[in-house]
Amino acid sequence: MHIAGSGHIAPGGYNEDIHISGSGKVDGNIRCLSYHSSGSSHVAGSLTCHESFTVAGSCHVEKNLHAKNVSAAGSCHIGENCIVDGLMKTGGSFKCDGNIHCNQLRTGGSLSVNGDIEGEDLVISGSVKCPGLINAEKIFITLSANALCKIGSIGGGIINIKTEPAKNIFLLSLLRHSSSSSLQIEDCIEGDQLSLEGVIVPKVSGKQVIIGKGCKIELVQYSDTIKISPEAIVDKYEKI
């Protein structure tokens, strides 16, 4: 099914791909093989894609999105939960008012999630706001000093948070002269292998822990090994 220019699609199940170029609206819940949107599209309900959900431009799904794979560029807003069985790639601005559950996540630009983010392999760069929990077996976050990030808590197996090398001087200046940071964690970071830079967090707990430059942490607990950079501030650390 193709919409070019402006048009509407009735709710229901479609055993075919849906292509929208220009401006298109789906008037309720819809199921399809793949959903491809360029320009502007609006789904007034939930969207289920047995294959891919691909957006370039602007797309708003009022309720849930469930797809095998997601590739979103430009501006995308999911009103409830986002469930991705495989790979989720985002660029530009992606907002989810509920939770994100995926296998793999690759995100750049701006990611805003009101609930939790859960997956197996998460790679995040740019700006991220998630007041809940980010949980995965592998979590890699790259911070930019000009893209402030806020997260409720992080949990996983391998957690690696680093700053962009070219902006480290600016990042350290921010940490030393203001209360802001490239990454602020409200609660805690817990995992097995932790390597952290540029993080402000009350508590860190792990087996093998490396605290790098730019970190400001009240308490670090470790069960195996610990290494703390002289350019980090740790109020207390203890072996458990």
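Nothing here was measured: the structure is a model prediction, and the numbers come from that model.

1. Points about the overall build of the chain
For the chain, the helix and strand inventory stands at 1 helix and 20 strands. Expressed as lengths along the three principal axes of its C-alpha atoms, the size of the chain is roughly 60 × 35 × 20 Å. Evaluated residue by residue, the chain yields a buried proportion of 45% over its 240 residues. Of the contacts made within the chain by residues no fewer than 6 positions apart, 11% connect residues no fewer than 24 positions apart. Here the chain displays about 10,800 Å² of accessible surface, and carbon together with sulfur accounts for 49% of that area. Across the chain, the mean location of the 20 positive side-chain charges is 6 Å away from that of the 24 negative side-chain charges.

2. Examining the pairing of strand E9 (residues 93-96)
The alternating pattern of E9 places Phe-94 and Cys-96 on a buried face, while none of Ser-93 and Lys-95, on the opposite face, is buried. Where strand E7 (residues 65-78) lies against E9, 4 bridges are found, and the strand directions are parallel. When the bridges of E9 are listed, Cys-76 appears paired with Phe-94. Sheet analysis places E9 next to strand E11 (residues 110-113), joined by 4 bridges and oriented parallel. Note on E11: the bridge partner recorded for Phe-94 is Leu-111.

3. Considering the side chain of Ser-46
Positionally, Ser-46 belongs in the loop between strand E5 (35-43) and strand E6 (47-61). When its relative accessible area of 17% is taken as the criterion, Ser-46 is described as buried. A polar atom in the side chain of Ser-46 sits 3.2 Å from the backbone nitrogen of Asn-64. Those residues within four positions of Ser-46 in sequence are excluded, and the remaining contacts are Gly-28, Asn-29, Ile-30, Lys-63 and Asn-64.

4. Considering the environment of Ile-83
Following the sequence through the fold, Ile-83 ends up in strand E8 (residues 82-90). Residues Ile-83 and Lys-68, 15 residues apart in the sequence, show an inter-C-alpha distance of 8.4 Å. What Ile-83 contacts, discounting residues up to four positions off in sequence, is Leu-65, His-66, Ala-67 and His-101.

5. Concerning the nonpolar core
Counting residues in hydrophobic clusters, the biggest one holds 63 residues, and the most contacted among them are Tyr-35, Phe-53 and Ile-189. Counting residues per element, this core draws most heavily on strand E14 (residues 127-143), at 7 residues. Residues within four places of Ile-189 in sequence aside, it is in contact with Ile-154, Ile-159, Ile-161, Leu-194, Leu-196, Val-199, Val-201, Lys-203, Val-204 and Ser-205.

6. A word on the confidence of the model for the chain
Per-residue confidence for the chain averages 92 on the pLDDT scale, and 92% of its residues sit at or above 70. Long-range and interchain partners of residues 167-172, a stretch whose pLDDT sits below 50, account for 13 contacts in this model, where long-range means more than four residues apart. Within the model, the stretch residues 174-181 combines pLDDT values under 50 with 15 contacts to residues more than four positions away or in other chains.

7. As for a negative patch on the surface
On the surface, Asp-116, Glu-118, Glu-120, Glu-137 and Asp-192 cluster together to form a negatively charged patch. By the element assignment, Glu-137 lies in strand E14.

8. Thoughts on the pattern of salt bridges
Applying the stated criterion across every chain, the model contains 3 salt bridges. Residue Lys-68 is joined to Glu-51 by a salt bridge in which the shortest nitrogen-to-oxygen separation is 3.9 Å. Placement of Lys-68 in strand E7 and of Glu-51 in strand E6 is noted, with a sequence separation of 17 residues between them. Judged by relative accessible area, Glu-51 falls into the partly exposed class, the value being 38%. Notably, a salt bridge pairs Glu-238 with Lys-236, separated by 3.8 Å at the nearest N-O pair.

9. Here we look at the packing of aromatic side chains
In this structure the tally under the stated criterion is 1 aromatic pair. Measuring from ring centre to ring centre gives 5.7 Å for Tyr-35 and Phe-53, while their planes differ by 15°; the resulting arrangement is stacked. Of this pair, Tyr-35 sits in strand E5 while Phe-53 sits in strand E6, placing them 18 residues apart in sequence. A relative accessible area of 0% places Tyr-35 in the buried class.

Conventions we followed
Residues numbered from 1 in each chain as written. Predicted model: local features only at pLDDT ≥ 70, side-chain atom pairs only at ≥ 80, totals over all residues. Heavy atoms only, no water. Helix = DSSP H or I, 4+ residues; strand = E, 2+ residues; numbered from the N terminus. Buried < 20%, exposed > 50% of the residue type's maximum accessible area, 1.4 Å probe, protein only. Contact = heavy atoms within 4.5 Å. Areas by Shrake-Rupley, 256 points an atom, 1.4 Å probe, with all protein chains shown as cover. Lys, Arg positive; Asp, Glu negative; His and termini not counted. Charge placed at Lys NZ, Arg CZ, Asp CG, Glu CD. Pairing = 2+ DSSP bridges. Polar contact = N/O pair within 3.5 Å; in protein donor to acceptor, adjacent residues only side chain to side chain. Core = buried A, V, L, I, M, F, W, Y, C linked by side-chain atoms within 4.5 Å. pLDDT = per-residue confidence, 0-100. Patch = residues over 30% accessible without salt bridge, like charges linked within 9 Å, V, L, I, M, F, W, Y side chains within 5 Å. Salt bridge = Lys/Arg side-chain N within 4 Å of Asp/Glu carboxyl O. Phe/Tyr/Trp six-rings, centres within 6.5 Å; stacked < 30°, edge-to-face > 60°.

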